[in-house]
Amino acid sequence: MSAALLGVAAGCDDSPSSSSGATLVGTWNATSFNAPGMDFIGEGMSLTIVFGSTGSFSPQIQNDLIGACEDEEPNCTQLGTYTSTSAQFTIDPTTSDATTFTYVIAGSTLTLTGDIDGTPVIIVFQRAS
């Protein structure tokens, strides 16, 4: 895994929401972060992502197990932006290293499906606010 999850982007979307009309905007706490054979949340990592209404993106990681924090620090907070459609959002959409996730919001649950550095991941969040 790499810092692709924490990329900084140059675009924004004023109304990021799923096809069901539920909004991506808010604070989300990961309940699972699954890559083949591993649930990083179950192993002790903590991930919170705040999506802003103007496309701001801020992941906060505690006990980094995926190599997303710089300088091998165990905890970090990043700031950036994202672009979105009703079913996908892209981190760092202005570079060839852009990372796109498909997302579904069902009630207070957000499920992300994507690929980080060639590794398929599924991340499930619960809405905190």
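Keep in mind it's a predicted model, so treat the numbers as computed, not measured.

Caption draft 1: Region of the structure containing the overall build of the protein chain. Counting its secondary structure elements, the protein chain contains zero helices and 10 strands. Ordered by position from N to C terminus, the α and β elements of the protein chain give β-β-β-β-β-β-β-β-β-β. When each of the 129 residues of the protein chain is scored for burial, the buried share is 43%. Taking as baseline every contact in the protein chain between residues at least 6 positions apart, the subset at least 24 positions apart corresponds to 52%. Total accessible area computed for the protein chain in this model is approximately 6000 Å², and 49% of it derives from carbon and sulfur atoms.

Caption draft 2: The arrangement of the pairing of strand β3 (residues 46-51) in detail. Where strand β1 (residues 26-35) lies against β3, four bridges are found, and the strand directions are antiparallel. If you follow T27 over to β3, its bridge partner there is V50. The pairing of β3 with strand β4 (residues 56-62) spans six bridges and is antiparallel. Bridging from a neighbouring strand, L47 pairs with I61 of β4. The antiparallel hairpin formed by β3 and β4 contains four residues in its connecting segment, where G55 sits at a positive phi of about 95 degrees.

Caption draft 3: Inspection of the packing of aromatic side chains at higher detail. Within this structure, the stated rule accounts for eight aromatic pairs. Residues F33 and F40 carry aromatic rings whose centres are separated by 5.5 Å and whose planes lie at 85 degrees to one another, so their mutual orientation is edge-to-face. By relative accessible area, F33 is classed as buried at 0%. Given a relative accessible area of 9%, F40 falls into the buried group.

Caption draft 4: Examining unusual backbone geometry more closely. The phi torsion at N63 lies on the positive side, around 55 degrees, for a residue other than glycine. Within the secondary structure layout, N63 lies in the loop between β4 and β5 (76-77). A positive phi angle, near 55 degrees, is found at E72, a position not held by glycine. If you trace the backbone, E72 turns up in the loop between β4 and β5.

Caption draft 5: View of the confidence of the model for the protein chain. For the protein chain, the mean per-residue pLDDT works out to 83, and 81% of the residues sit at or above 70. The low-confidence segment residues 6-20 (pLDDT under 50) makes 56 contacts with residues lying over four places distant or belonging to another chain.

Caption draft 6: Quick look at the state of the cysteines. Scanning all chains against the criterion turns up one disulfide. Put simply, C69 and C76 are joined by a disulfide, and their sulfur atoms are 2.1 Å apart. Here the disulfide of C69 and C76 is left-handed, its torsion about the S-S bond being about -80 degrees. Comparing C69 with C76 shows no difference in burial state: the two are buried.

Caption draft 7: Geometry of the nonpolar core. Counting residues in each nonpolar core, the largest one holds 29 residues, and the members touching the most others are F33, L47, F51, F89, L110 and F125. When residues of this core are traced back to their parent elements, those giving at least two are β1, β3, β4, β7 (88-91), β8 (99-106), β9 (109-116) and β10 (119-127). The leading source of residues in this core is β1, at four residues. In contact with F89, not counting residues within four places along its chain, are L24, F51, F57, Y82, T83, S84, T99, T100, F101, Y103 and L112.

Reading guide: rules and limits
- Residues numbered from 1 in each chain as written.
- Predicted model: local features only at pLDDT ≥ 70, side-chain atom pairs only at ≥ 80, totals over all residues.
- Heavy atoms only, no water.
- Helix = DSSP H or I, 4+ residues; strand = E, 2+ residues; numbered from the N terminus.
- Buried < 20%, exposed > 50% of the residue type's maximum accessible area, 1.4 Å probe, protein only.
- Contact = heavy atoms within 4.5 Å.
- Areas by Shrake-Rupley, 256 points an atom, 1.4 Å probe, with all protein chains shown as cover.
- Pairing = 2+ DSSP bridges.
- Phe/Tyr/Trp six-rings, centres within 6.5 Å; stacked < 30°, edge-to-face > 60°.
- pLDDT = per-residue confidence, 0-100.
- Disulfide = S-S within 2.5 Å.
- Core = buried A, V, L, I, M, F, W, Y, C linked by side-chain atoms within 4.5 Å.

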